[in-house]
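Structure assessment
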Protein chains: 2
Amino acid sequence: MTKKLVFGHQNPDTDTIASAIAASYLLNQTMGEETEPVALGEPNAETQFALDYFKVKPLRVIEKAETEQVYLVDHNEAAQSAKNIDEVEVVGVYDHHKINFSSDAPLWFINMPLGSVATILYYEFKKSNIEIPSDVAGMMASAIISDTLLLKSPTTTSMDQPALEALAEIAGIKDYEAYGLELLKAGTDLSSRTAQELIDGDAKSFDFNGHTFRIGQVNTVDIDETLERQSELESAMQAEGYDNFLFVITDILNSNSKALYLGDASNEVAKAFDTDIKNNVIDLPGVVSRKKQVVPPLTAAF
Amino acid sequence: MTKKLVFGHQNPDTDTIASAIAASYLLNQTMGEETEPVALGEPNAETQFALDYFKVKPLRVIEKAETEQVYLVDHNEAAQSAKNIDEVEVVGVYDHHKINFSSDAPLWFINMPLGSVATILYYEFKKSNIEIPSDVAGMMASAIISDTLLLKSPTTTSMDQPALEALAEIAGIKDYEAYGLELLKAGTDLSSRTAQELIDGDAKSFDFNGHTFRIGQVNTVDIDETLERQSELESAMQAEGYDNFLFVITDILNSNSKALYLGDASNEVAKAFDTDIKNNVIDLPGVVSRKKQVVPPLTAAF
């Protein structure tokens, strides 16, 4: 059995890190695999809070996949993966995003429209009757909280809450709402981060019918505080050199967003969100989910 | 809840029909869906034998998907699906083939490299604690027998035999080996079928790096008997008008194949199978699986 790496997307978030850890453990137990969970970047502040809380070591950071066969979690598109992904064989995927994937052979590909990949993995553990170690359960609970904004995002499904409750119990989290607020707030201290860290922190690349988009997102408890840094943010966005850059600033307490847009497709973007763009700012009331509320209207508009 | 169709690939085989029936039943029970299993063609002789044996009505045959949302089984590539598949939304897939799929939104996509889709569905039923009706179990057992050639094909995995045994018991099949031989033989009476029926019966379209291939396959107990009709078969293959046509004739008792090839990529095809093409005939000892032993070498060669 040759070693295989398990990793999530670039700019790892809590679900990507937790899912790599959980999937690697599950595969080693059930499939007799020898896998290592790794990451395509350093943990963000929220993930670091969870790692510290559950005393889990940060994952080894890689730039290129170093094994011939790999498992992907929390992404399936090559643009979000390791740089050399086209040179290795993907033998398994656990994901909850839209699909843009092709292979030369059959493989394990488990994609479900649930709130987080950790939710999917919780049910896979249950199906296999494998006990989840308490620190792994803690990371998985954190991932559900992070991706569903404490079960409030529209991406939340009826399967997420039971999984979160069960995982919180295994992890010894007595009050998952209190822990969840702490976790989410740990990710929202934006003042200490540079403009470039903000726009890059959770950014992903997309292709909408030939239009290349970079879409970043930050969570905060005060959108206007972040918008005070508009010119600094726009300079950083411009410096990245993408055709289109959309930077979504999300108020996780009130479930609203505003976005900064730079690019030459203002008409289409305005149409996508059925609103005006004023001074590069788009008001997005009720929007919290890039996957469910930002990407689909852009896909439709182009 | 609006109605959704569930269907497998064109030129339906036993796994495609059985999986549509089983998946529809499972979805209606577990997801509260209102689905109807349908087929993209009439049942072949082997499938008809199973339908008669378990007293199951043949599925309604459709040409175009008639509902806005559909589930796919036993295929994921548009070229093998309903003609208007690009105009409807695929909300779920159960498959065991290579993947070539993209979507605008997350969906249920369960692909596992197991012997048949019926095997995957057996474990999905088990996970959900849903009882399988005995006629559905009979069709699912037939599908496993058909796709794995009674557990002898190299596509067979360690998960297929336990599934087949459990399904045979539910279906009241006392000796699944005896039933399996009867079933497979029912599909091999080739003498009564026209050349066009033979080359079309289980044919699928593929695209290898821009080279369009049609690959048909028949099972028999006597390859040479079928090859006596070579000129008749070649005329039928030519009349279809594909750039490349590969027609694989498989001896299911001895697990060997010979193939007829018409097209202008003889060098690449010969290289793919590491052999010569003599009088359009390729000797393929040990080859029984299009998916595992025919498509991957062609993919690699082009």
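The rules behind these values
Residues numbered from 1 in each chain as written. Chains lettered and ligands numbered in written order. Predicted model: local features only at pLDDT ≥ 70, side-chain atom pairs only at ≥ 80, totals over all residues. Heavy atoms only, no water. UniProt positions renumbered as here; feature names shortened; annotations may be inferred. Helix = DSSP H or I, 4+ residues; strand = E, 2+ residues; numbered from the N terminus. Expected span 1.5 Å × (residues − 1). Buried < 20%, exposed > 50% of the residue type's maximum accessible area, 1.4 Å probe, protein only. Contact = heavy atoms within 4.5 Å. Polar contact = N/O pair within 3.5 Å; in protein donor to acceptor, adjacent residues only side chain to side chain. Least-squares fit on C-alpha atoms with pLDDT ≥ 70 in both. Phe/Tyr/Trp six-rings, centres within 6.5 Å; stacked < 30°, edge-to-face > 60°. Pairing = 2+ DSSP bridges. Axes fitted to C-alpha atoms, helices over the stretch in contact; angles between N-to-C directions.

In the nomenclature of an unreviewed UniProt entry, chain A corresponds to inorganic diphosphatase from the organism Weissella koreensis. One UniProt comment on chain A, placed under Catalytic activity (unreviewed entry), says "diphosphate + H2O = 2 phosphate + H(+)". The UniProt entry for chain A carries this comment under Cofactor (unreviewed entry): "Mn(2+)".

Residues and elements named next belong to chain B. The end-to-end C-alpha distance of helix 3 (residues 117–128), which contains 12 residues, comes to 17 Å, matching closely the 16 Å that a straight helix rising 1.5 Å per residue would cover. Of all the positions in helix 3, only V117, A118, T119, I120, L121, Y122, E124 and F125 are classed as buried. Looking at the buried positions of helix 3, the neighbouring elements they touch are helix 1 (14–30), strand 5 (89–95), strand 7 (108–111), helix 4 (134–148) and helix 5 (160–171). The N-terminus of helix 3 is capped by S116, whose side-chain oxygen sits 3.3 Å from the backbone nitrogen of A118. Once helix 3 ends, the next one or two residues include N129, with phi positive near 60 degrees.

Our focus in this paragraph is the relation of the copies chain B and chain A. For the pair chain B and chain A, the superposition axis carries a translation of 0.0 Å, the fit reaches an RMSD of 0.1 Å, and the rotation angle comes to 180 degrees. In short, the pair behaves as if placed about a two-fold rotation axis. Looking at the rotation axis and the C-alpha trace of chain B, the residue lying nearest is I110 of chain B, at 2.5 Å. Most of the interface of chain B is mirrored in chain A: 100% of its interface residues are interface residues there too.

What follows covers the packing of aromatic side chains. Residues and elements named next belong to chain A. Here the structure, examined in full by the defined rule, presents 29 aromatic pairs over all chains. Relative to F208, the ring of F206 has its centre 5.9 Å away and its plane inclined at 0 degrees; by these criteria the two rings are stacked. Both residues of the pair, F206 and F208, count as buried. Aromatic rings pair up to connect F206, F208, F213, Y261 and F302 into one cluster.

Next up on the list: the pairing of strand 5 (residues 89–95) of chain A. Residue and element names in this part refer to chain A. Of all seven residues that make up strand 5, six are buried, and the element is covered over most of its length. Bridge analysis of strand 4 (residues 69–73) against strand 5 gives five bridges, and the strand direction is parallel. Directly across from L72, in strand 5, lies its bridge partner V93. With four bridges connecting them, strand 5 and strand 7 (residues 108–111) associate as parallel partners. Considered in strand 7, the bridge of Y94 is made with I110.

What follows covers the sheet that holds strand 9 (residues 211–220) of chain A. Residues and elements named next belong to chain A. Read across the sheet, six strands follow the order 8-9-10-11-13-12 without closing on themselves; strand pairing throughout is mixed. Looking at which strands have only one partner, the edges of the open sheet turn out to be strand 8 (204–208) and strand 12 (277–278). Sheet analysis places strand 8 next to strand 9, joined by five bridges and oriented antiparallel. Looking at strand 9, one finds that D207 is bridged to T212. Strands in contact with helix 11 (residues 290–301) are strand 8, strand 9 and strand 10 (244–251); relative to strand 9, the strand with the most contacts, it is inclined by about 155 degrees.

All names here are of chain B. Here V136 shows up in helix 4. Looking at V136, the relative accessible area reads 8%, which means it is buried. When the C-alpha atoms of V136 and I282 are compared, they prove to be 39 Å apart, with 146 residues separating the residues in sequence. Ignoring any residue separated from it by four or fewer positions in sequence, one finds V136 in contact with I21 and A22.

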